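# Structure assessment
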Amino acid sequence: MAFSCKAVLADYKRDGGLRRVYLQAILDGRKVRIPFAFYVEEHHFQARGNGSIREAHPNARDYNAEIESAIVKALSLASRYRLKRKALTCAAFKDEF
């Protein structure tokens, strides 16, 4: 089972240029997106690495903590399935997340 995850921005912009931030997991080539409860402007988002909010944003510390926590939770979920030798499907990932 191939698994990776990171934070990404939505493809569309809301009024004011804000974009929703998602946790994107890739399970054997299939993408699953879990939305976060916050929106940022594109220039505040750093796509390199796991995806993070630039320090110039006033809520960067809180948002980055939420992103890191979600990534840890996703990796933990993937590890549990891997140790049990069960297949982690997109639907199972969404349900358990």
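Residues numbered from 1 in each chain as written. Predicted model: local features only at pLDDT ≥ 70, side-chain atom pairs only at ≥ 80, totals over all residues. Heavy atoms only, no water.

### Section: unusual backbone geometry
Short version of the rule: To qualify as a helix, a DSSP run of H or I must reach at least 4 residues; to qualify as a strand, a run of E must reach at least 2; elements of each kind are numbered from the N terminus. Throughout this description, buried means an accessible area under 20% of the type-specific maximum (1.4 Å probe, protein chains only), exposed means over 50%, and partly exposed covers the range between.
Positive phi values are uncommon outside glycine, yet Asp28 reaches one of about 50°. Examined against the element boundaries, Asp28 turns out to sit in the loop between strand S2 (18–27) and strand S3 (30–41). Judged by its relative accessible area of 48%, Asp28 falls in the partly exposed class. With phi around 60°, Arg85 is a residue other than glycine that occupies positive phi space.

### Concerning the pairing of S3
Selection rule: Strand pairing requires that DSSP identify at least two bridges connecting the strands.
By the bridge criterion, nine bridges tie S2 to S3 in an arrangement that is antiparallel. Considered in S3, the bridge of Ile26 is made with Lys31. If you look at the hairpin formed by S2 and S3, you'll find two residues sitting between the two strands, and Asp28 has a positive phi there, around 50°.

### Here's the deal with the sheet that holds S3
Short version of the rule: What counts as an axis is a line fitted to C-alpha atoms, over the stretch in contact for a helix, and the angles between N-to-C directions run from 0 to 180 degrees.
Across the sheet, three strands lie side by side as S1-S2-S3; this open sheet has antiparallel pairing. Bordering the open sheet on either side are strand S1 (3–9) and S3, each of which pairs with just one other strand. Within this sheet the neighbouring strands show an average axis-to-axis angle of 15°, counted without direction. Taken together, the seven bridges between S1 and S2 define a ladder with antiparallel strand orientation.

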